[in-house]
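In case you want the letters, here they are:
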Number of protein chains: 4
Amino acid sequence: MTIEASRDAHTGGRIRLGMVGGGQGAFIGAVHRIAARLDDRYTLVAGALSSDPARAHASAVDLGLDPARAYDSFAAMAEAEAKRPDGIEAVSIVTPNHMHAPAAKAFLEAGIHVICDKPLSLTVAEAEELVALQRRTGRIFAVTHNYTGYPLVRQARAMVAAGELGKLRLVQVEYPQDWLAERAEESGSKQAEWRTDPARSGAGGCIGDIGTHAYNLAGFVTGLRARSLLADLTTFVEGRRLDDDVQILLRYEGGAKGMLWASQVAVGHENGLKLRVYGETGGLEWVQAEPNRMEFTRLGQPRQILTRNGAGAWDEATRVSRIPGGHPEGYLEAFATIYGEVAGAIVAARTGAAVDPQATFPTVEDGLDGMRFIEAAVASSRAGNVWTDLAPSN
Amino acid sequence: MTIEASRDAHTGGRIRLGMVGGGQGAFIGAVHRIAARLDDRYTLVAGALSSDPARAHASAVDLGLDPARAYDSFAAMAEAEAKRPDGIEAVSIVTPNHMHAPAAKAFLEAGIHVICDKPLSLTVAEAEELVALQRRTGRIFAVTHNYTGYPLVRQARAMVAAGELGKLRLVQVEYPQDWLAERAEESGSKQAEWRTDPARSGAGGCIGDIGTHAYNLAGFVTGLRARSLLADLTTFVEGRRLDDDVQILLRYEGGAKGMLWASQVAVGHENGLKLRVYGETGGLEWVQAEPNRMEFTRLGQPRQILTRNGAGAWDEATRVSRIPGGHPEGYLEAFATIYGEVAGAIVAARTGAAVDPQATFPTVEDGLDGMRFIEAAVASSRAGNVWTDLAPSN
Amino acid sequence: MTIEASRDAHTGGRIRLGMVGGGQGAFIGAVHRIAARLDDRYTLVAGALSSDPARAHASAVDLGLDPARAYDSFAAMAEAEAKRPDGIEAVSIVTPNHMHAPAAKAFLEAGIHVICDKPLSLTVAEAEELVALQRRTGRIFAVTHNYTGYPLVRQARAMVAAGELGKLRLVQVEYPQDWLAERAEESGSKQAEWRTDPARSGAGGCIGDIGTHAYNLAGFVTGLRARSLLADLTTFVEGRRLDDDVQILLRYEGGAKGMLWASQVAVGHENGLKLRVYGETGGLEWVQAEPNRMEFTRLGQPRQILTRNGAGAWDEATRVSRIPGGHPEGYLEAFATIYGEVAGAIVAARTGAAVDPQATFPTVEDGLDGMRFIEAAVASSRAGNVWTDLAPSN
Amino acid sequence: MTIEASRDAHTGGRIRLGMVGGGQGAFIGAVHRIAARLDDRYTLVAGALSSDPARAHASAVDLGLDPARAYDSFAAMAEAEAKRPDGIEAVSIVTPNHMHAPAAKAFLEAGIHVICDKPLSLTVAEAEELVALQRRTGRIFAVTHNYTGYPLVRQARAMVAAGELGKLRLVQVEYPQDWLAERAEESGSKQAEWRTDPARSGAGGCIGDIGTHAYNLAGFVTGLRARSLLADLTTFVEGRRLDDDVQILLRYEGGAKGMLWASQVAVGHENGLKLRVYGETGGLEWVQAEPNRMEFTRLGQPRQILTRNGAGAWDEATRVSRIPGGHPEGYLEAFATIYGEVAGAIVAARTGAAVDPQATFPTVEDGLDGMRFIEAAVASSRAGNVWTDLAPSN
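Predicted, not measured: the structure shown is a model, and the values here were computed from it.

> Tell me what's going on with the UniProt feature "domain: GFO/IDH/MocA-like oxidoreductase" (unreviewed entry) in chain A, and back it up with residues and numbers.
The UniProt record annotates "domain: GFO/IDH/MocA-like oxidoreductase" (unreviewed entry) at residues 153-285 of chain A. Taken end to end, residues 153-285 of chain A has its terminal C-alpha atoms 10 Å apart, with 27% of it in helix and 32% in strand.

Here it is in C-alpha cells:
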C-alpha cells in the first residue's frame, strides 16, 4: 500500500475533514481520528464534537482546531462549511446511532462526502432515505464496518471469489463479548447507557452493536447475500431494555447456510469476532483478536496458517498492509484502511482519475443491508423465531 | 485413580467380557477392547465378532479367544454364555446402530450387563423398551458417550455444579468433521457406507453419529435438561441419503439457551468437538482435540488455563487421571474411564460394596435421551424448523 | 498399526513379562504396565516390585500375580525365572537409577530381554559394561526414551531423513518443568527425594532426568550425532544437591548447531518438551503437550499444521497410530509403542521372522549415548563451560 | 493514554520533526513517520531523505514537504534548521547503521533532539562519544528499541519490578526469522544488501539487527544488567559476510542466567521475538506476533492469559493503550508509543513541566549498552565461545 499521502500530494493534498460527535469522553471519535491520520490523507479542520456546546468547544481546543470552525451543531457546521472555499470535503459521523441519519442527511445535502459509523440509522426507512439521497447527490457515503479493512479479511474474500473453497456450503460467524454480563448501564458507563437505550440505539441492542458487524463481515467475505433468517434475541440481564444475546440461522442465496451468534454476556470474551467459511473443497477461519493469521484448509491437505503479508499472502492483502509479516497490524490499521479507501475515492472524484479496482469500502447500501438485518432479526424473534425474509438491498 | 485391577483382585478378579461386532476390518471394536484392557479390569473371553461366521471365527483366533467361545451370532452367545459357570458377566455391543437394540435385549434377558455403543437404537420406541427391560432386569447398562470420560470434562461438570459459573445462560457446542465432504460412501469406505444408510444408522446421519455426542456432552457438563429444540438438518452432498450437517437451537430448563452445530462436511476439521458454557459469573471452554487443557474465566478476571492433573485440578478430574499434568492423556484413556466406571459398578453389584459417589457413566436413560434428541431434530427439521419438545426422559 | 496381539497369537502368544520396581507408591511402574498391556502383547507374570519384601508381596497381590512369582529381589527373580519353562521372556526395570545397571546385568546374564527406564545407569563405565554384555548375550535391550514413540516424532524423523528440511542447520530443544521450583525434596515427595539424591540419581539431576530426554529426542529426529557440547548446569534452589537447570550449546556432525534447555524450576511449565529443527529449506516444530499436531514450513510457503493420522500423515506415523486423526493419542500410547516395537523384536527373535523395517526403539547404545551426554555436560560445566567432546558411541 | 496532541495544544503545539533517510524505497522511514503521526504530536517539516539528492527531493515532494526544507545532506539540514526560528526541534535518523553516529552528532551539536534507529552506531567507541555528547548538550536522545513500547511489555516490566515473579532466575529470549535463509543479498533485496554488509552494518549481522532487540527487551523487562556473555555466532549461508545466527548464554547481576537465540535462517519464522522470564514464584511469556496477550503463572496456580487493556491489566499497560482489550494493537502502535514518550519529554523540556513518572523510552545509554553487547558477542565468538564481560554502561 502506498501508505502515505504521496499520491494526494500530486492531486490536491490532504482531504479536509470534519467530525460530528467524538468530543471529550467519547471513545470512537478518537479511533476515527487516528484512522484518518494514520496514512496522512486527511486533515481534521472542523467539528461539531458534542451536543453540549461547552464541551464541543473545549474538545475543539484540545484537538487544535480553529475555534471559528468549532460548531455547536452538525446543522450549523454543514451550512457554514459548505460555504467556505476551504470547507470540509468529508465528514465523519461518530455519534450515538440516533443522530447518524439526521447528520448524514444534512451533509449529503450540503454536498459533503459522509463517513458514518454503524449501524447506519435507527430504522430501515431512514436508511432507505439515505440511500436515495446518496444516489441523488452522488456524494461518497461510507459506513465504517471496519473489520472489512483487515488485510486477511480482504484475502479471505479474494480467495472465496477465486473459488479456492469451491461452492460455499456453510458460514459460521460469532461475536461474543462480556462487557454487559452485568448491568453496566446502571454503573455509570456512558457506553453501556446509550447502547442499551432504545431511543439512542434503535430496536436492537447486541444485534445492532455487534450482530451487524458479524453479519456484514460474513457477507463481505463470502460475497453471498442472505435471503432469510430465523432469530432468537434474548435479554439475559434483568431490567435491560434491549437484547444482549443473539442466535440466528441464516440462509444464503445459492444454498449456503449460516449460524450467527453475538453476545454481550459471554464471560471470557473481549471482542471475539470469528468467521469460518466452508465450501466444497476448502475451509477457512479468521479471528479478529489475532488478525495477522488465518487458517485455510484444502480438502484432504494439511491446514495452513496464512499470515498477513507473509508466505501465501495475496495481493488483495498486501495492498492494504503497511509492514511486513510477523510484525502485527491491528484494529486501528484496519480502520485506517477504510479511511484510505474512501480517500482514494474522494481523490478520484476530485480528479476524475480511475479508482484502484481492488479498492472497496462499505457503503450506504451495506448500511441499509445492516438495518434490514436488524429489523428482520427483531421481527423474527418477536414472531417466535420464524424464518423472515431479508428484503433485497436494491 | 486406582488405575489397575487391584481392587478387583480382592473382589473376584477381572470382569469376564464378551463382544458383539468388532471383528476384522471394524474400527470401534478395537477401541473398546483397548479401553477395557487399559486399566486391567476386564478380560475378553467370548465374542460374536461378525455377522459373517467365517470372519467371526477368524477374528476370534486373532484375538486369542477360545474357539469354543467364538459365536456365529449374538443370540447364540447370549444363550451359551448365560449357561456357563464362567460365562461372561458383561458384553460390549459395537455393531452398526441397527443391531444395538436386538443385541442389548438378548443380553439383558440373559442377565448379562451391557456396554453399548451410541446411538442406543434406531428409534425412540426401541430405546424405551430397553429402558424398561433394564429396569426389570436390574442389569447395568452403559452407553459409550465416551467424551464424558475426559478428566477435564468431569471437572467442568463439577465446576458448573459447584456454582463456579453462576446461573447458566448459554451453551455453545459444536462438532465439525470433514470426512464426508465428498461422497465417501461411493468410494469403498465401509464406515461411510453404513453411516449414511438409513437402514443401518436410523433416521439421522450426522445428527445420530456426532450430533448426539455434542448434545450429550452439553447435558453432562451443564447438568441441564433441554426442553425443546429447533433444528435444521441438511444434506449437502448430492445423492446422500441422510443429513450431513446439523444446526440446532436449544432451550434448556431454567432459561439457558444453546446452539449446537455438527457437520461432516466442514473442511479442515477432524473431530472438532468443542463445548463452551457461560453463566452469570463465569465461562469455560473445552476442545476435544486438546483435551488436557480447559479455559476458564471468572467475570472481570484474567482467563485461566486449567490443565488435567495440574494446578487448578479438581478431585473429579484427578480421580480419573492416570498420569501427571503435562503428559497428555487422550481419547483411549477417556474411553477406558467409561469402562473403569462400569467395572466399579459391576464389582459393586458382585459384592454389594458401595460405589464411589463421584463415579458416573452414561446409562440407557442417556441413550434414550439421545434418541429423543435425534427424533425431535428430524421432526423439527421436516416441519420447517419449528420448536419441538424433547419429551422428558422419565 | 496392528494394535493387538493378533500376530503374536499365531507366533506363540503374549510375551511373559516380569517387573523390577514399580510396587505400591511408585509412579512409573504403572505407566510401564499400562504400556505393556495397551496393545495386548505382554502378560505380566512375575515381579520384584519393591526392595522392601513386604511391600513387594503386597504389590504382587494387588496386581493379581501368582504369589510364587513375587520375589524379594531382582537377583532371586532372575535366577528363578530363568529356570522355569514358563519363565519370563523379558523384564521391565523401573527402579531409581542406581538399580538399573545391576538389575539389567542380572537379567541379561539370565538370558532375559531387558526394557530399562532411563538414564541407563549411574556412570558411563556401567553403561559401557551393559553394552558389552548385551552384545555378548544377544538379548534385546530397550531403554524407554518414550517420547520417540509419538507418531509425529516418527514422522518428523522420517521427514528429516527424506530431506524435506534440506541440510540441517539448527536444533532447538527444551524441556522446562516447574515441579522442583521449591525444595520439594524436603516436603515428603518421594519422587523429589531420589531424583535430587546423587546416590540414587547419579551425577546429574535435571540433566539426567529430563535433559537426556531432550537430547535423545533431538538425536532421534535429526539423525545427527552430537560431537561436542558446552554446558552450564545450575542449582537454583538452595541446599539442593544436584542441578535443577541446564543450558547447553551443541555441535552436531555436519555443522548443525543446537541449543538445549532443561529446567525443573521454570514456573508455569509442566512437561514442556519442545523440539524445533531447521534446515536449509524447511523447519518443523513439535510440542509434547499437544503431540497430535506438528508445524512444518517449507521455505517461502505457508506454515502447515500436520496432524497425527490426518491429512499429511506419513506412513511412519500412521503405522504407530491406533485411532484416526482428531481423536488425540497421548503419553501412554507413545509409551506403549515402545513396548510394541520391542514386542515385535522379541517375536522376531522367537520365530526368526523379519522385523518391520520401520520398527525402531531406543537401545542400550542410546542409553550409553545418554550417559556420555550427562557426563560430558557435568564435566563441561565444572570446567567453566567449555567445549567438551562427546565420545562416539562407536 | 491521552492519545492525541491535546496536552501539547496547551503547551506549544505539535513538535516540528525532521528526518534523515527514509526516502523512496526505504522501509523503516515510513514506519517512523506513521509512529510520529499516529498520536498527532509531531509534524514532519524537513528532511534529508536520501543520500541521493534527486531521490531526496522527489521523496520530499511525495511527502508534501516544503521544497526549501528538502536537504541534500544531514549536515546541511542540521545547519539550516538550527538557524530557522521555526526549525525542527527533533530529528529521526532512519538510515543504514553506519550513518547513525555522524548524523546524530551533527544534530546534537545543532541543539536538536535525536530519535535514532538501532543499533546506535558501528562501534562502541562511537557510541561512547554520543553518550558524552548527549550529556554535554543535554538534548533528548532516544534509540528506537520499539518493542519496549508494547503495552504488555510495559506490564511485564512492572510486574517483575513489583516482585510478582519473585527473585529472577532465568531469562529465555529468542528472535528467529527466516528472510535470510537463502542468499537474498544477491537477489536484489536492498534490505538484505546493507544488512549483510560490514561497511554499513558494522561487525554484527544478525546480532546487530535483531540480537540487540532481544537483548534490549530482556533487559527492559527484567530490569537486570547482564554481566557477561558467551556467544557463538554463525554464518550458515555460504558467502555471507556477517553472522546470520546467534546463540548466547548470559549471566545477569544477581545470579539470573539467560539464553538468547536470534536467527535469520530459522525457516518458518517471520519475526518470532519471544521473551520468557522465570523467578522463584512466577513465570511469564510474551510473543511479539501476538502482542495483545501475555501468559503469567504464579507457582502452583493455573496459568493466566493477561490481555492488553483487559482483565488483569496494569496501569503501566493501560497508560500506553489506545483502544479496549480484544481489539488488537500492533507494531505501529508500539512504535508510536516510543514517539509519544519522547514527545512528552520534549514538551517537558519546552515547558519545564514534570514528566509522567511511568514514561520511559530507550536512550543513548541503552544504545551504548547494545553496542557493547554486539562487540562482546563478536569477541566471545571469535575467541572460541568464552565468557566475556559486558563493560558496565556506568
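> Can you lay out the environment of Asp366(D) for me, pointing to particular residues and giving the numbers?
Residue and element names in this part refer to chain D. Along the chain, the position of Asp-366 falls in helix H13 (residues 364-382). Of the residues examined, Asp-366 has 22 C-beta atoms within 10 Å and is grouped as buried. Distance from Asp-366 to Ala-317, taken between C-alpha atoms, is 21 Å for residues 49 residues apart in sequence. Setting aside anything within four residues of it in sequence, one finds Asp-366 in contact with Val-143, His-145 and Asn-216.

> Which residues make up the domain arrangement of chain A, and what are the values?
Residue and element names in this part refer to chain A. Here chain A is described as being made up of domain 1 (6-146) and domain 2 (151-322 + 364-382). Distance between the C-alpha centres of domain 1 and domain 2: 26 Å. If you look at the interface, domain 1 gives 20 residues, while domain 2 gives 21 residues. Contributing elements (two or more residues each) for the side of domain 1 that touches domain 2: helix H6 (124-137) and strand E5 (141-143).

> Go over the sheet that holds strand E4 (residues 113-116) of chain B with me, naming the residues and quoting the values.
Residues and elements named next belong to chain B. The strand order across the open sheet formed by 5 strands is E2-E1-E3-E4-E5, and the pairing between neighbours is parallel. Edge positions in the open sheet fall to strand E2 (42-48) and strand E5 (141-143), since each of these has one partner strand only. Adjacent strand axes in the sheet meet at a mean angle of 20° when their direction is disregarded. Where strand E1 (residues 15-20) and strand E3 (residues 90-93) come together, 4 bridges link them in parallel fashion. When the sheet's bridge partners are listed, Gly-18 is paired in E3 with Val-91. Its contacts with the sheet place helix H4 (residues 74-83) against E1 and E2, and it is angled at close to 130° to E2.

> Outline the interface of chain D and chain A, supporting the account with residue identities and numerical values.
With 36 residues of chain D at the contact, the number on the chain A side is 36 residues. Listing elements by their share of the side of chain D that touches chain A, those giving two or more residues are helix H1 (6-9), helix H2 (28-38), helix H3 (53-62) and helix H12 (331-351) of chain D. When residues in the side of chain D that touches chain A are grouped by element, the largest group, 6 residues, is from H2(D). For the side of chain D that touches chain A, the residue count by class is 15 nonpolar, 11 polar and 10 charged.

> Outline the relation of the copies chain A and chain B, listing residues and values.
Superposition of chain A onto chain B requires a rotation of 180° combined with a translation of 0.0 Å along the rotation axis, giving an RMSD of 0.0 Å. Considering both components of the superposition, the chain copies are consistent with a two-fold axis. Residue Val386(A), judged by its C-alpha, is the member of chain A lying nearest the rotation axis, at 3.8 Å.

> Please give an account of the nonpolar core that cites residues and values.
With 523 residues, the main nonpolar core has Ala377(A), Ala377(B), Ala377(C) and Ala377(D) as its most contacted residues. Among all residues touching Ala377(B), those that are not within four sequence positions of it are Gly204(B), Ile207(B), Gly211(B), Leu229(B), Ala231(B), Leu233(B), Val246(B) and Ile248(B).

> Run through the interface of chain A and chain B, naming residues and quoting values.
Residue-level contacts link 30 residues of chain A with 31 residues of chain B. For the side of chain A that touches chain B, the secondary-structure elements that each account for two or more residues are strand E6 (168-176), strand E7 (226-234), strand E8 (245-252), strand E9 (257-263), strand E11 (282-287) and strand E12 (293-298) of chain A. The element that contributes the greatest number of residues to the side of chain A that touches chain B is E9(A), accounting for 4 residues. Taken together, the residues that form the side of chain A that touches chain B break down as 13 nonpolar, 10 polar and 7 charged.

> I'd like a description of helix H5 (residues 100-109) of chain A, backed by residues and values.
All names here are of chain A. Of all 10 residues making up H5, 8 are buried, and the element is well covered by its neighbours. Residues of H5 that are buried: His-100, Ala-101, Ala-103, Ala-104, Lys-105, Ala-106, Phe-107 and Leu-108. Looking at the packing, one finds that the buried side of H5 touches strand E1 (15-20), helix H4 (74-83), strand E3 (90-93), strand E4 (113-116) and H6. Within two residues after H5, Gly-111 carries a phi angle of roughly 80°, on the positive side.

> Describe the relation of the copies chain D and chain A, and please don't skip the residues or the numbers.
Once chain D has been moved 0.0 Å along the axis and rotated by 180°, it coincides with chain A to within an RMSD of 0.0 Å. Mapped onto chain A, 100% of the interface residues of chain D again fall at the interface, so both copies present the same surface.

> An account of the confidence of the model for chain A is needed here, citing residue identities and associated values.
Detailed conclusions should not be drawn from predicted coordinates in areas where pLDDT is low. When pLDDT is averaged along chain A, the result is 94, and 97% of the positions lie at 70 or above. Two numbers describe this predicted complex: its pTM, 0.97, and its ipTM, 0.95.

> Any details on the sheet that holds strand E4 (residues 113-116) of chain D? Residues and values, ideally.
Hydrogen bonds between backbone groups are what pair the strands of a sheet, and the pairing can be parallel or antiparallel. Residue and element names in this part refer to chain D. An order of E2-E1-E3-E4-E5 is seen for the 5 strands of this open sheet, with the pairing classed as parallel. Looking at strand neighbours, the two that pair on one side only are strand E2 (42-48) and strand E5 (141-143), the edges of this open sheet. Strand-to-strand twist of the sheet, defined as the mean angle between neighbouring strand axes without regard to direction, takes the value 20°. Bridging between strand E1 (residues 15-20) and E2 involves 6 bridges; their strand directions are parallel. Looking at E2, one finds that Arg-16 is bridged to Thr-43.

> So what's going on with the pairing of strand E9 (residues 257-263) of chain B? Which residues, and what values?
All names here are of chain B. Counting buried residues along E9, 6 of its 7 residues qualify, which places the element largely inside the surrounding structure. Pairing between strand E6 (residues 168-176) and E9: 7 bridges, direction parallel. Paired with Pro-176 across the strands is Ser-263, a residue of E9. The pairing of strand E8 (residues 245-252) with E9 spans 7 bridges and is classified as antiparallel. Its bridge partner lying in E9, Gln-247 is registered against Trp-261. Between E8 and E9, which pair antiparallel and follow one another directly, the connecting turn spans 4 residues, one of which, Gly-254, has a positive phi of 90°.

> Mind laying out the environment of Gly21(C), listing which residues take part and the relevant values?
Residues and elements named next belong to chain C. You can see Gly-21 is positioned in the loop between strand E1 (15-20) and helix H2 (28-38). Note: C-alpha distance between Gly-21 and His-100 (79 residues apart in sequence) is 10.0 Å. Those residues in contact with Gly-21 that lie beyond four places of it in its chain are Ala-26, Gly-29, Leu-49, Ile-93, Val-94, Thr-95 and Met-99.

> Hey, could you go over unusual backbone geometry for me, with residue numbers and the actual values?
Backbone phi values are negative for most residues with the exception of glycine, while trans is the configuration of most peptide bonds. The omega angle of the peptide bond from Lys118(A) to Pro119(A) is -10°, so this bond is cis rather than trans. Tracing the backbone through its elements, the reader meets Pro119(A) in the loop between E4 and H6. Residues other than glycine seldom take positive phi values, yet Asp40(C) does so here, at roughly 65°. Mapped onto the fold, Asp40(C) is located in the loop between H2 and strand E2 (42-48).

> Summarise the packing of helix H5 (residues 100-109) of chain C against helix H6 (residues 124-137) of chain C; cite the residues concerned and give the values.
Residues and elements named next belong to chain C. Direction vectors running N to C along H5 and H6 enclose 10°, while the axes themselves pass 10 Å from each other. In terms of axis orientation, H5 runs roughly parallel to H6. Residues Ala-101, Ala-104, Lys-105, Leu-108 and Glu-109 of H5 form the contact with H6, whose participating residues are Glu-126, Leu-130, Leu-133, Gln-134 and Thr-137. Here the contact of H5 with H6 is composed, by residue class, of 5 nonpolar, 2 polar and 3 charged.

About the thresholds
- Residues numbered from 1 in each chain as written.
- Chains lettered and ligands numbered in written order.
- Predicted model: local features only at pLDDT ≥ 70, side-chain atom pairs only at ≥ 80, totals over all residues.
- UniProt positions renumbered as here; feature names shortened; annotations may be inferred.
- Helix = DSSP H or I, 4+ residues; strand = E, 2+ residues; numbered from the N terminus.
- Buried ≥ 20, exposed ≤ 12 C-beta atoms within 10 Å, placed from the backbone.
- Contact = placed C-beta atoms within 7 Å.
- Domains from an automatic or database assignment.
- Pairing = 2+ DSSP bridges.
- Axes fitted to C-alpha atoms, helices over the stretch in contact; angles between N-to-C directions.
- Nonpolar A, V, L, I, M, F, W, Y, C, P; charged D, E, K, R; others polar.
- Least-squares fit on C-alpha atoms with pLDDT ≥ 70 in both.
- Core = buried A, V, L, I, M, F, W, Y, C linked by C-beta atoms within 7 Å.
- pLDDT = per-residue confidence, 0-100.
- Parallel < 35°, antiparallel > 145°, perpendicular 65-115°, else oblique.

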